[in-house]
Amino acid sequence: MAYQRPKGTNDILPGESEKWQTIEQTARKLFNQYQFHEIRTPIFEHIEVISRSVGDTTDIVTKEMYDFHDKGDRHITLRPEGTAPIVRSFVENKLFGPEHQKPYKVYYMGPMFRYERPQKGRLRQFHQIGVEVFGSDNPATDVETMAMALQFFRELGIKDLRLVINSLGDQETRTAYRQALIDYLTPFKEQLSADSNRRLLENPLRVLDSKDERDKAVVAGAPSILDYLSETAQKHFEAVTKMLDALNIAYEIDSNMVRGLDYYTHTIFEIMSDDSKMGAQSTICAGGRYNQLVAELGGPETAGFGFAMGFERLLMILEAQGITLAAQKPLNAYVVSLGEATNIEALQIVQSIRQAGFSAERDVMNRKAKAQFKTADKLNAQLVLTIGETELANGVVNVKNLATRVEKAYPLTQIQTQFETVYQEMMHTEKE
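Quantities reported herein were computed from a predicted structural model and do not represent experimental measurements. (Residues numbered from 1 in each chain as written. Predicted model: local features only at pLDDT ≥ 70, side-chain atom pairs only at ≥ 80, totals over all residues. Heavy atoms only, no water.)

## Some words on the overall build of the protein
Along the protein, the regular secondary structure elements total 16 helices and 16 strands. Based on the C-alpha atoms only, the size of the protein along its principal axes is roughly 95 × 55 × 45 Å. Looking at the protein residue by residue over its 432 residues, the buried ones come to 51%. For the protein, contacts bridging at least 24 residues in sequence account for 70% of all contacts bridging at least 6. Accessible area for the protein stands at about 22000 Å²; split by element, carbon and sulfur atoms hold 50% of it. (Helix = DSSP H or I, 4+ residues; strand = E, 2+ residues; numbered from the N terminus. Buried < 20%, exposed > 50% of the residue type's maximum accessible area, 1.4 Å probe, protein only. Contact = heavy atoms within 4.5 Å. Areas by Shrake-Rupley, 256 points an atom, 1.4 Å probe, with all protein chains shown as cover.)

Have a look at this one:
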């Protein structure tokens, strides 16, 4: 029997994984410019961490979590998103303490898990890059974090993106708007889906997020949350739009956007692609402010702001827009060894080149010279070093620059002790 990977998962093979590395390196470099530092949390958490943070009425908690009881009968879940585990870590490790820099800025990368119907750009094990900022309720934090996300996409060469924003206000806003929404939706109860009828009682804002066509038709006429913003919430949202204008960042306001998680307050945003090839998966980055979440998980009142983006969707949009990510560093040297007697010297040569800080490969399959040169060519090696029994007897290695076709013999000891000198010399030779 041939075994297969679990449904909704992918093997990321060599050739593909280099693209992932380029995305990761781009993110690390940029986030570091904004003074974010990496955090790594466990793949699994106690279920309360997620249900308390994300919300009992969300699809994630009610339908999509991979949860189980472990051997100690603890109720555990594979993490479905990155923010709740990081907030748990922030509280548990007392990162709100005076000895820590404020705001406290972290980023993460890694797999998340949701049990849902696999489709293009939506897997059961998917991967996210995300950031979180703790301790600042300044609207400038909202804006610079959104600007960083947009800059990340620019650096990857992605075009045709839209920034869409909304405000979910504060507690006062939510209380007033919740009642207005219930008053509006109740007469349509018969037309709403079973899910939305349940949400109408538990969390009416969730109805705005429904994908059901009947619900969408009803929601189209719903009152706007922006008409219910408290004075504080209104002031915050106006400051965000003013700052986006100051940075010449284009944006749209969508008052029906609510995001799929319960912990958001004030600013929320999505970055969407207008590329037709993306289909329904047009949102490639989303996030917002969550000022109550740290307190909800047992910490002091602490403002928070963050976003997450999906690796798989990033790769989809890069492919859709025909963007080729930069290749990995070239192979500096390929060692061709001819004859059984050269095996040890070929091993010494390839290891000394690697220890000098260069990339090197050699033949270990005892292939004929022609096949070895073909491999060097296929791997785009810059230099080919040949050692046969004649070279071994003379204590030399033949070095060839594949681009210029220039060849030169070097003492074996020089290759093993001064490869950098040999490399520089051979790379600066003119074509014959």
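## Overview of the UniProt feature "binding site: L-histidine" (unreviewed entry) in the protein
The positions that UniProt labels "binding site: L-histidine" (unreviewed entry) are, in the present scheme, Glu81, Gly82, Thr83, Arg114, Gln128, Glu132, Arg259, Tyr263 and Tyr264. Tracing the sequence through the fold places Glu132 in strand S6 (residues 125-134). For Glu132, a relative accessible area of 0% gives the class buried. Dropping the residues within four chain positions of it, Glu132 is found in contact with Phe36, Gly82, Thr83, Ile86, Tyr104, Lys105, Val106, Tyr108, Tyr290, Phe305 and Gly306. One polar contact links Glu132 to Thr83, side chain to side chain, over a distance of 2.7 Å. (UniProt positions renumbered as here; feature names shortened; annotations may be inferred. Polar contact = N/O pair within 3.5 Å; in protein donor to acceptor, adjacent residues only side chain to side chain.)

## Regarding unusual backbone geometry
The linkage connecting Lys102 with the following residue, Pro103, adopts the cis geometry, with an omega of -5 degrees. Residue placement: Pro103 occurs in the loop between helix H4 (83-92) and strand S5 (104-113). Even without being a glycine, Asn248 presents a positive backbone phi close to 55 degrees. With respect to the element layout, Asn248 can be found in the loop between helix H9 (231-246) and strand S8 (252-253). For Asn248, a relative accessible area of 72% puts it in the exposed group. Even without being glycine, Arg405 reaches a positive phi, approximately 70 degrees. Structurally, Arg405 is set in the loop between strand S15 (396-401) and strand S16 (407-411).

## Description of the side chain of Gln128
Considering the arrangement of structural elements, one finds Gln128 in strand S6. Gln128 gets classed as buried once you look at its relative accessible area, which sits at 11%. Residues in contact with Gln128, not counting those within four places in the same chain, are Glu81, Gly82, Tyr108, Met109, Gly110, Met112, Ala308, Met309, Gly310 and Phe311.

## Quick look at the sheet that holds strand S9 (residues 265-273)
Ordered by their spatial adjacency, eight strands build an open sheet running S1-S5-S6-S11-S10-S9-S7-S8, and the pairing between neighbours is mixed. Two strands close off the open sheet at either side, each with one partner strand: strand S1 (37-38) and S8. Two strands pair when backbone bridges link them, and S5 and S6 are joined in this way by ten bridges, in the antiparallel orientation. Bridged to Met109 within S6 is Ile129. (Pairing = 2+ DSSP bridges.)

## Some words on helix H12 (residues 343-355)
Its 13 residues place the ends of H12 18 Å apart at the C-alpha level, agreeing with the 18 Å of an ideal helix rising 1.5 Å per residue. Listed as buried for H12 are Glu345, Ala346, Ile349, Val350, Ser352 and Ile353. Relative to the axis of H12, the buried residues are bounded by an arc of 160 degrees and lie together on one face. Those residues of H12 that are exposed and aimed more than 90 degrees away from the buried face are Ile344 and Gln355. At the exit of H12 stands Gly357, carrying a positive phi of roughly 95 degrees. (Expected span 1.5 Å × (residues − 1). Arc of directions from axis to C-beta.)

## Section: the domain arrangement of the protein
Each assigned domain of the protein is listed here: domain 1 (14-169 + 229-319) and domain 2 (331-426). For domain 1 and domain 2, the distance between their C-alpha centres works out to 48 Å. (Domains from an automatic or database assignment.)

## Here we look at the packing of helix H1 (residues 17-33) against helix H11 (residues 311-320)
Orientation of H1 relative to H11, taken along the N-to-C sense of each, is 105 degrees, at an axis distance of 11 Å. Overall, the two elements H1 and H11 adopt an arrangement that is roughly perpendicular. Residues Lys19, Trp20, Ile23 and Glu24 of H1 lie in contact with H11, whose contacting residues are Phe311, Glu312, Leu314, Leu315 and Leu318. Of the residues assigned to the contact of H1 with H11, the class counts are six nonpolar, no polar and three charged. (Axes fitted to C-alpha atoms, helices over the stretch in contact; angles between N-to-C directions. Parallel < 35°, antiparallel > 145°, perpendicular 65-115°, else oblique. Nonpolar A, V, L, I, M, F, W, Y, C, P; charged D, E, K, R; others polar.)

## Quick notes on the sheet that holds strand S2 (residues 44-46)
Strand pairing within a sheet occurs via backbone hydrogen bonds; the two strands may be parallel or antiparallel. Spatially, the three strands line up as an open sheet ordered S2-S4-S3, and their pairing is antiparallel. Two strands lie at the open edges of the sheet, namely S2 and strand S3 (67-69), each paired on one side alone. Between one strand axis and the next, the sheet turns by 35 degrees as a mean value, whatever way the strands run. In the sheet, S2 pairs with strand S4 (residues 75-78) via three bridges, with the strands oriented antiparallel.

## Things to note about the packing of aromatic side chains
Overall, the coordinates contain 18 aromatic pairs when judged by the stated rule. Their ring planes at 65 degrees and their centres at 6.0 Å tell us that Phe90 and Phe96 sit as a pair that is edge-to-face. For Phe96, a relative accessible area of 27% translates into the label partly exposed. Pairwise contacts between aromatic rings join Phe31, Phe36, Tyr107, Phe152, Phe153, Phe269, Phe305 and Phe307 into one cluster. The ring of Tyr115 is capped by Arg124, whose NZ or CZ atom sits 4.0 Å from the centre of that ring. (Phe/Tyr/Trp six-rings, centres within 6.5 Å; stacked < 30°, edge-to-face > 60°. Lys NZ or Arg CZ within 6 Å of the ring centre and 35° of its normal.)

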